[in-house]
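Coordinate analysis (summary)
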Amino acid sequence: MIKALAVDMDGTFLNSKKDYNRPLFKKLYDEMKDCGIKFIVASGNQYVQLKRSFPEICNEISYVAENGSCVMEGEKILFKKTVSRDDVLFTASVLDEYDDVNYAACGFKSTYYLNRADDHFEKIMDFYCPINQRLDTFEEIPEDDIFKMTLECPAEKTAEYLEIMQNSLAGKLEATSSGHGSIDLIIPGCHKAYGLKKLLNYYKIDAKDLMACGDGGNDIEMLALAGHSYAMANGSDEVKRVARYQAATNDEDGVLHALEKELNIEE
C-alpha cells in the first residue's frame, strides 16, 4: 500500500470550478489517516493560498509549495530555497522588454507585482496569491524570501515565451509551464520532485511508496519520481508519457477515484 499521496492542484485535484468533492475527500482522508498515509499538496502556488483549500486539516497536512522551493509540515518550515535579489532584478529587466507579459515575484511574506499590471493579472494574483503587494518597481521589494517568479502571457504564446525565458535566463532561473499562458521561473533543479525528496526523507518514506497525480509540465519530475504515478485524462501528452497510470479528468474526481483503487475501497 502507498505511504504518501502528493497532488497537484489546478487541473488535477481541483475541478474547473476550483473546488473538489469534499465529502468524498473527507471519507478518503480519514481512511488515509487510519492507514498512516501522508497527504501532500504539491503545487506551484503560494503556501498561504494552498492552506485555504483545506481549512479543517490545513495544519496537519504537508505542502511542497512554490514548485518545490518551500516545503512545510503544517506551519513548520522544513526546507526553503530562495532566488537572490540580483537574479530577481535581472529577471524583471528581461520581462520588462515584453508588453504582453505580466509578472510577479513570489515570496514567503507576500507576492509582489507591478502597478502597471492589467486587471486580468490582478484577479489572478488575488486568487492564487491572496497576500500580495503592488509596486512601481521591483527595486521596492522589501526583505523577503523569494522562492520563484511567475509570468502570464497570451495562451497561444506559451511555448514561444517558454523558449525565450529558457534562453534569456539560462544559469539563473529555469522556465516551466502548466500551459494556458502561465509560466513559472524557478531555481534550476528546484522542482516539485526536489521538494518531495526532502519531505519523503523527513518522513523516511521511499519514493516507490509515493502516489502522485498531475496534469502539466511542472508535474513531470514529480511523476517520474513516484512509484505510483497518475496523469490526469485532461493532462498533456508529455505528462501521460511519463506517468505509469491514467486517472479520469479533474472534473470527474479523477484523483479521488484513483485513490479509492489504491486503497482498495469500493464506491
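Definitions and limits used
- Residues numbered from 1 in each chain as written.
- Predicted model: local features only at pLDDT ≥ 70, side-chain atom pairs only at ≥ 80, totals over all residues.
- Heavy atoms only, no water.
- Pairing = 2+ DSSP bridges.
- Helix = DSSP H or I, 4+ residues; strand = E, 2+ residues; numbered from the N terminus.
- Axes fitted to C-alpha atoms, helices over the stretch in contact; angles between N-to-C directions.
- Phe/Tyr/Trp six-rings, centres within 6.5 Å; stacked < 30°, edge-to-face > 60°.
- Lys NZ or Arg CZ within 6 Å of the ring centre and 35° of its normal.
- Buried < 20%, exposed > 50% of the residue type's maximum accessible area, 1.4 Å probe, protein only.
- Right-handed = clockwise from strand over helix to strand, strands pointing away.
- Domains from an automatic or database assignment.
- Contact = heavy atoms within 4.5 Å.
- Buried area = accessible area lost by both parts, 1.4 Å probe.
- Expected span 1.5 Å × (residues − 1).
- Arc of directions from axis to C-beta.
- Polar contact = N/O pair within 3.5 Å; in protein donor to acceptor, adjacent residues only side chain to side chain.
- Left-handed = near helix turned anticlockwise from the far one by under 90°.
- Nonpolar A, V, L, I, M, F, W, Y, C, P; charged D, E, K, R; others polar.
- Core = buried A, V, L, I, M, F, W, Y, C linked by side-chain atoms within 4.5 Å.

So, about the sheet that holds strand E5 (residues 76-80). Pairing is mixed across the open sheet formed by 8 strands, whose spatial order is E5-E4-E3-E2-E1-E12-E13-E14. With one partner strand each, in any of the chains shown, E5 and strand E14 (245-247) form the two edges of the open sheet. In this sheet, neighbouring strand axes are inclined to one another by 20° on average, regardless of whether the strands run parallel or antiparallel.

Our focus in this paragraph is the packing of aromatic side chains. Aromatic ring pairs are defined here through the distance separating the ring centres and the angle between the ring planes. Counted under the stated rule, the structure contains 20 aromatic pairs. Centroid distance Tyr103 to Phe138: 5.1 Å. Interplanar angle 70°. Geometry classified as edge-to-face. Taken together, the residues Tyr103 in strand E6 (residues 102-107) and Phe138 in the loop between strand E8 (132-135) and strand E9 (146-152) connect sequence positions 35 residues apart. Linked through ring pairs, Phe13, Tyr20, Phe25, Tyr29, Phe39 and Phe54 together constitute an aromatic cluster. Here the guanidinium or amino end of Lys172 rests over the ring plane of Phe90, the centre of that ring lying 4.9 Å away.

Another point: the pairing of strand E12 (residues 210-214). Among the 5 residues in E12, 5 count as buried, and that is most of the element. Here E12 shows no split at all, with Leu210, Ala212 and Gly214 on one side and Met211 and Cys213 on the other all buried. In this structure, strand E1 (residues 4-7) lies alongside E12, joined through 4 bridges in parallel fashion. Directly across from Ala4, in E12, lies its bridge partner Leu210. As paired elements, E12 and strand E13 (residues 228-232) share 4 bridges and run parallel to each other. Within the sheet, the bridge partner assigned to Ala212 lies in E13 and is Ser229. Between the parallel pair E12 and E13, the chain is carried across by helix H7 (residues 220-225), and the sense of this crossover is right-handed.

A word on the domain arrangement of the protein. One frequently used descriptor of interface size is the decrease in accessible area upon assembly of the parts. Per the domain assignment, the segments of the protein are domain 1 (4-80 + 190-263) and domain 2 (85-186). Taken over C-alpha atoms, the centre of domain 1 sits 24 Å from the centre of domain 2. Opposite the 20 residues of domain 1 that make contact, domain 2 presents 18 residues. Of the roughly 1,600 Å² buried where domain 1 meets domain 2, counting both sides, 56% is carbon and sulfur surface.

Attention shifts here to helix H1 (residues 22-35). An α-helical turn contains 3.6 residues, so any two residues separated by three or four positions project in the same direction. The end-to-end C-alpha separation of H1 is 20 Å, in line with the 20 Å expected for 14 residues at 1.5 Å each. When H1 is considered as a whole, its buried residues turn out to be Leu24, Phe25, Leu28, Tyr29 and Met32. In a view along the axis of H1, the buried residues occupy a sector of 125°, so they form one face of it. Facing away from the buried surface of H1 by more than 90 degrees, the exposed residues are Pro23, Lys26 and Asp34. Considering only its buried residues, H1 is in contact with E1, strand E2 (38-42) and helix H9 (254-262). Of the residues that open H1, the one with a side-chain oxygen 3.1 Å from the backbone nitrogen of Leu24 is Asn21. Directly beyond the C-terminal end of H1, a positive phi value near 75° is found at Gly36.

Moving on to the packing of H1 against H9. At a minimum axis separation of 11 Å, H1 and H9 run at an interaxial angle of 35°. The crossing of H1 and H9 is left-handed. Contact residues: Leu24, Phe25, Lys27, Leu28 and Met32 in H1; Leu256, His257, Leu259 and Glu260 in H9. Along the lines of polarity and charge, the residues of the contact of H1 with H9 split into 6 nonpolar, 1 polar and 2 charged.

Turning our eyes to something else, we now look at the nonpolar core. Grouped together as the largest cluster of nonpolar side chains are 37 residues, with contacts concentrated most on Phe13, Phe25, Phe39 and Phe54. The leading source of residues in this core is H1, at 5 residues. The next biggest cluster of nonpolar side chains, apart from the first, holds 27 residues, and it includes Tyr103, Ile146, Leu173 and Ile183.

In this section: the environment of Val101. Take Val101: it is sitting in the loop between helix H3 (85-95) and E6. Residue Val101 is classed as buried on the basis of its relative accessible area of 1%. Between the C-alpha atoms of Val101 and Pro23, which are 78 residues apart in sequence, the distance is 39 Å. Not counting chain neighbours up to four residues away, the residues in contact with Val101 comprise Leu95, Arg116, Leu151, Glu152, Cys153 and Tyr161.

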